[in-house]
Amino acid sequence: MVQRKHRSNRPLTLGQGSGIPDAVVRSIATAIARAEGFFVPGSLPVRANNPGNLKLGDVGHGAINGKTIFASVADGWEALYRQIRLMLAGASKYYNPEMTIAQVAAIYTGGDNALAWAKNVAVSLGVTIQTKLADLLGLPPGPGPEPPGGGPAGISGDTAVM
């Protein structure tokens, strides 16, 4: 697992510097959060303020079963948005835009029920598990969750298993 800290301590906004449409990032984030169980009351992602169930290490608030605990839900959403931007931009060590949702699932889940995760993400996005990340850039804007407040300070990462 790789953990990187952002060099500045200023909060990053959803689409800052990525050139990737915010609506697409939100749609994918919502699909991942759904597959990770974030919308289930009391689930680990809810308790950890971590909609993507990311493993970025302890960013100052601990971890639950290896999953990062964020100070707020807004911080958790921002970390997930950042991960998705890395994936779509080809800036990730683990994912690239030519990977299918099924290929992403095998890495993202560490192989733990990857097919079900891929199907959940694909259904949420209205595509198949063979859809490439690059093809998701053409998604119509979805509602996606709006994070309350600003994003996290000093948190970034690219993680293989979440």
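(A) Fine view of empty space enclosed by the protein. For the coordinates displayed, the defined rule picks out two cavities of 30 Å³ or more. Here the largest cavity is characterised by a volume of approximately 60 Å³. For the largest cavity, the full set of lining residues is Ile28, Ile32, Met87, Ile101, Val104, Trp117, Val121, Leu125, Leu133 and Leu136. For the lining of the largest cavity, the elements supplying multiple residues, two or more each, are helix H1 (22-36), helix H4 (101-108), helix H5 (114-125) and helix H6 (133-136).

(B) Layout of the environment of Val24. With respect to the secondary-structure elements, Val24 resides in helix H1. In the structure, Val24 is positioned 101 residues away from Leu125 in sequence and 9.8 Å away in space, judged by C-alpha atoms.

(C) Representation of the environment of Gly138 within the structure. Considering the arrangement of structural elements, one finds Gly138 in the loop between H6 and strand S4 (156-158). Measuring from C-alpha to C-alpha, the distance between Gly138 and Val24 comes to 8.0 Å, with 114 residues separating the pair along the chain.

(D) Molecular detail of the packing of aromatic side chains. Per the counting criterion, the structure on display carries five aromatic pairs. When the centroid spacing of 5.4 Å and the interplanar angle of 75° are considered together, the rings of Phe38 and Phe39 count as edge-to-face. Centroid distance Phe38 to Trp77: 5.5 Å. Interplanar angle 80°. Geometry classified as edge-to-face. With Phe38 in the loop between H1 and helix H2 (44-47) and Trp77 in helix H3 (residues 73-89), the pair connects residues that are 39 residues apart, well separated along the chain. Note on accessibility: Phe38 and Trp77 belong to one class, buried. Taken together, the ring pairs connect Phe38, Phe39, Trp77 and Tyr81 into an aromatic cluster.

(E) Quick peek at the packing of H1 against H3. Following both chains from N to C, one finds H1 and H3 inclined at 110°, their axes separated by 9 Å at the closest point. Considering the angle they form, H1 stands roughly perpendicular to H3. Judged by the twist between their axes, the crossing of H1 over H3 is right-handed. Where H1 abuts H3, its residues Val24, Val25, Arg26, Ile28, Ala29, Thr30, Ile32 and Ala33 lie against Trp77, Leu80, Tyr81, Ile84, Arg85 and Leu88. Classifying every residue of the contact of H1 with H3 gives eleven nonpolar, one polar and two charged.

(F) Quick peek at unusual backbone geometry. Backbone geometry places Asn65, a non-glycine residue, at a positive phi of 50°. Residue Asn113 is not a glycine yet carries a positive backbone phi of 60°. For Asn113, the position within the fold is in the loop between H4 and H5. Judged by relative accessible area, Asn113 falls into the exposed class, the value being 54%.

(G) Geometry of the packing of H4 against H5. Orientation of H4 relative to H5, taken along the N-to-C sense of each, is 130°, at an axis distance of 8 Å. When the interaxial angle is binned, H4 and H5 end up oblique. Between H4 and H5 lies a crossing of right-handed hand. Packed against H4, whose contacting residues are Ile101, Ala102, Val104, Ala105, Ala106 and Tyr108, the element H5 presents Ala114, Trp117, Ala118, Val121, Ala122 and Leu125 at the interface. A class-by-class count of the residues in the contact of H4 with H5 yields twelve nonpolar, no polar and no charged.

(H) How the structure looks around the pattern of salt bridges. In the structure shown here, the tally under the stated rule is three salt bridges. Among the salt bridges present, the one from Glu78 reaches Arg82, with a minimum N-O distance of 3.9 Å. Of the two residues, Glu78 and Arg82 both sit in helix H3, four residues apart, roughly one turn of that helix. Judged by its relative accessible area of 3%, Glu78 is buried. Given the relative accessible area of 7%, Arg82 is considered buried. For Glu98, the salt bridge is made with Lys132, and the minimal N-O distance between the two is 3.1 Å. Remark: Lys132 occurs in the loop between H5 and H6 and Glu98 occurs in the loop between H3 and H4; sequence separation between them is 34 residues. Look at the salt bridges and you will find they share partners, linking Glu78, Arg82 and Arg85 into a network.

Definitions and limits used
- Residues numbered from 1 in each chain as written.
- Predicted model: local features only at pLDDT ≥ 70, side-chain atom pairs only at ≥ 80, totals over all residues.
- Heavy atoms only, no water.
- 1 Å grid on protein atoms, 1.4 Å probe; cavity = no way out; pocket = protein on both sides within 12 Å on 5 of 7 lines; lining within 4 Å.
- Points joined across faces, edges and corners; volume = space filled by probe spheres on them.
- Helix = DSSP H or I, 4+ residues; strand = E, 2+ residues; numbered from the N terminus.
- Phe/Tyr/Trp six-rings, centres within 6.5 Å; stacked < 30°, edge-to-face > 60°.
- Buried < 20%, exposed > 50% of the residue type's maximum accessible area, 1.4 Å probe, protein only.
- Axes fitted to C-alpha atoms, helices over the stretch in contact; angles between N-to-C directions.
- Parallel < 35°, antiparallel > 145°, perpendicular 65-115°, else oblique.
- Left-handed = near helix turned anticlockwise from the far one by under 90°.
- Contact = heavy atoms within 4.5 Å.
- Nonpolar A, V, L, I, M, F, W, Y, C, P; charged D, E, K, R; others polar.
- Salt bridge = Lys/Arg side-chain N within 4 Å of Asp/Glu carboxyl O.

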